[in-house]
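So the chains spell out like this:
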Amino acid sequence: MITRIDLNADMGESFGPWPMGADADLLKVITSANIACGFHAGDPDVMAQAMGLAVENGVGIGAHPGLPDLQGFGRRRMQIAPAEARNLVAYQLGAAQAMARQAGGQVRHLKLHGALANMAAEDEALARACYEGALAVDPQIILMVISGTAQARAAHALGARVASEIFADRAYTEDGLLMDRRLPGAVIHDPDQVCARILAMLKAGAIITAQGTHLPAQIDTICLHGDTDGAVALAHALHAGLSAAGISVQPFDGARAP
């Protein structure tokens, strides 16, 4: 059984007067925050607010770069060349660094968002290009990768610091990828179900697919989506469930890949 785990959540995804998620409440529960950088969601004011709250709560700040698609919330796939991917990630990380410094903090990790993340989980060359962009800006940044995917392989090949992630509120396919959100059961809302499946994964040291298959995996952090209905209640339930099982909720170390 894994005895220490990080809880992360995607946030900073409001835009102008349109609210999204419950950042202030989530930041009282989680240990790492993935903050949108303005391309798929967020704006300078939203970033400043989210990062300021993260600093106040002692939560690790992460850049959460996505595809330039506000209308689609970065969840629609686009064709993107490796050079474009490098620049896209580097640009958004630079913006996140500036806003974090203004808030009195610093960007500790980077996690790809939405369709860009799913594409990079399948395409190692794309993942490598994204991570090369991040490492060119900050060679010490921790790359938060979807465990067992092309993201992880690319990050390890680059010798980067890595934190491997599983998802609390998303179902997995048999190849270890996230089930398409449009499919029934792809997004999990029930706190009891979430807690049970996460504890089972931590005990097994494996991703458990929707069909019950165990895929051995490195697990350093658990993701909760800030825009999932009931995200705050889910976060509290999961934190309580982990603590009751004797699992300490702490920020990940981000060990360098062997």
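Note: the structure precedes this text.
Bear in mind that the values here come from a model prediction, so they are computed numbers and not experimental data.

Reading the values: rules and limits
- Residues numbered from 1 in each chain as written.
- Predicted model: local features only at pLDDT ≥ 70, side-chain atom pairs only at ≥ 80, totals over all residues.
- Heavy atoms only, no water.
- Helix = DSSP H or I, 4+ residues; strand = E, 2+ residues; numbered from the N terminus.
- Buried < 20%, exposed > 50% of the residue type's maximum accessible area, 1.4 Å probe, protein only.
- Areas by Shrake-Rupley, 256 points an atom, 1.4 Å probe, with all protein chains shown as cover.
- Lys, Arg positive; Asp, Glu negative; His and termini not counted.
- Charge placed at Lys NZ, Arg CZ, Asp CG, Glu CD.
- Contact = heavy atoms within 4.5 Å.
- Core = buried A, V, L, I, M, F, W, Y, C linked by side-chain atoms within 4.5 Å.

Trainee: Please explain the overall build of the protein as it appears in this structure.
Mentor: Across its full length, the protein holds eight helices and ten strands. Taking the principal axes of the C-alpha coordinates as reference, the protein spans close to 40 × 35 × 35 Å. Here the protein holds 258 residues, and the buried ones make up 54% of them. In the structure as shown, the protein presents an accessible area of about 10,600 Å², 53% of it carried by carbon and sulfur atoms. Seen as two clouds, the 18 positive and the 26 negative side-chain charges of the protein have centres 5 Å apart.

Trainee: What am I meant to see in the environment of Arg-153 here?
Mentor: By the secondary structure assignment, Arg-153 is in helix H6 (residues 150-157). The exposure class of Arg-153 is partly exposed, given its relative accessible area of 45%. Sequence separation between Arg-153 and Gly-176 is 23 residues, and the spatial gap between their C-alpha atoms is 14 Å. Not counting the four nearest positions on each side in its chain, Arg-153 is found in contact with Glu-124 and Gly-148.

Trainee: I would appreciate a short explanation of the nonpolar core in the present structure.
Mentor: Nonpolar side chains in soluble globular proteins generally cluster together in the buried interior. If you look at the biggest cluster of nonpolar residues, it comprises 77 residues, and the most contacted ones within it are Leu-110, Tyr-131, Leu-143, Ile-222 and Leu-242. Apart from the residues within four sequence positions on either side, Leu-242 is in contact with Ile-5, Leu-7, Ile-198, Leu-199, Leu-202, Ile-222, Ile-247 and Val-249.

Trainee: Where do I start with the side chain of Thr-31 in this structure?
Mentor: Mapped onto the fold, Thr-31 is located in the loop between helix H1 (23-26) and strand E2 (32-36). Thr-31 has contacts with Asp-6, Leu-7, Val-59, Gly-60, Val-249, Gln-250 and Pro-251, leaving out every residue within four places of it along the chain.

Functional significance is not addressed by these values, which are geometric in nature.
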